[in-house]
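# Summary of structural features
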Amino acid sequence: MHLEHLIDFKFDYRIDVQPQGNVKIDALTQAMRQILFGLNRKYLGVRKFGHFSQERKFWALCVKEGDNLTKGVHYHLLLHSPVERIDWINDILLPWSKLGLKSREDARPYPAWVQTKGWGHVPCDELDNVPLLRVERCKNVEASVRYNLKDWNASNSDAFIIGLNET
């Protein structure tokens, strides 16, 4: 994967997975496969979209960041969308919360909401409740790609694509 090549793709949405959820990579991958399948089915209007080119279907570039020593493990995803707009609340956040994903080590499902320090947090303030997934439209694709791949190392592949070769 070359940075210049990725910038050419039309990534419309950024999805950040907060570190407070301690989401494992296999659970995230499985959840995103299901969410991408739902997006493809809803917006492409066909039952079989596996033969579509990468420009004509939904897929995501996922990058793992953190090592649980210097900063918590979290993920940045860039969502490629063949349509202009999606209803990200009903198409991404609600399906995620309904999946009830669990890690192999823990019997409890991953939370849909986590508590974190808000902007300007002082010690006497309560923590803010925020969604585990933060979804927003990409304002600048090049900046988003550069930010997501800032710690990427080609020898240690913490970046991968979800949704292209699975369908």
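A quick note: this is a predicted structure, and the numbers were derived from the prediction, not measured.

### Regarding the pattern of salt bridges
Across all of its chains, the model carries seven salt bridges by this definition. Here Asp91 ties to Lys42 by a salt bridge, and the two come within 2.9 Å at their closest N and O atoms. Taken as a pair, Asp91 in helix H3 (residues 88-99) and Lys42 in helix H2 (residues 25-44) lie far apart in primary sequence, 49 residues in all. Residue classification places Asp91 among the buried residues on the basis of a relative accessible area of 8%. For Glu136, the salt bridge goes to Arg134, with nearest N and O atoms at 3.8 Å. Take Arg134: its relative accessible area is 38%, and that puts it in the partly exposed class. The structure contains a network of salt bridges with shared partners spanning Arg14, Asp16, Arg134 and Glu136.

### With respect to the packing of H2 against H3
Their axes nearest at 10 Å, the elements H2 and H3 cross at an angle of 135°. By the angle class used here, H2 and H3 are oblique. As H2 packs across H3, the resulting crossing turns out to be right-handed. Between H2 and H3, the contacting residues are Leu28, Ala31, Gln34, Ile35, Leu39, Lys42 and Tyr43 on the first element and Asp91, Ile92, Pro95, Trp96 and Leu99 on the second.

### Topic: the nonpolar core
In terms of nonpolar packing, the biggest core is built from 29 residues, with Leu28, Leu77, Leu79 and Trp96 touching the most fellow members. Elements supplying a minimum of two residues to this core: strand E1 (11-17), H2, strand E2 (59-65), strand E3 (74-80), H3 and strand E6 (133-137). Sorting elements by how many residues they give to this core places H2 first, with seven residues. With 10 residues, the next largest nonpolar core counts Phe11, Cys138, Val145 and Ala159 among its residues.

### Some remarks on the sheet that holds strand E7 (residues 159-162)
Strand order in the open sheet formed by five strands is E6-E1-E3-E2-E7, and the pairing between neighbours is antiparallel. Every other strand in the sheet has two partners, leaving E6 and E7 as the edge strands with one partner each. Adjacent strand axes in the sheet meet at a mean angle of 20°, parallel and antiparallel pairs treated alike. Strand direction decides the pairing type here: E2 and E7, joined by four bridges, are antiparallel. Looking across to E7, one finds that Val63 is bridged to Ala159. Strands E1, E3 and E6 of the sheet are contacted by H3, whose axis makes an angle of about 165° with E6.

Parameters and conventions
- Residues numbered from 1 in each chain as written.
- Predicted model: local features only at pLDDT ≥ 70, side-chain atom pairs only at ≥ 80, totals over all residues.
- Heavy atoms only, no water.
- Salt bridge = Lys/Arg side-chain N within 4 Å of Asp/Glu carboxyl O.
- Helix = DSSP H or I, 4+ residues; strand = E, 2+ residues; numbered from the N terminus.
- Buried < 20%, exposed > 50% of the residue type's maximum accessible area, 1.4 Å probe, protein only.
- Axes fitted to C-alpha atoms, helices over the stretch in contact; angles between N-to-C directions.
- Parallel < 35°, antiparallel > 145°, perpendicular 65-115°, else oblique.
- Left-handed = near helix turned anticlockwise from the far one by under 90°.
- Contact = heavy atoms within 4.5 Å.
- Core = buried A, V, L, I, M, F, W, Y, C linked by side-chain atoms within 4.5 Å.
- Pairing = 2+ DSSP bridges.

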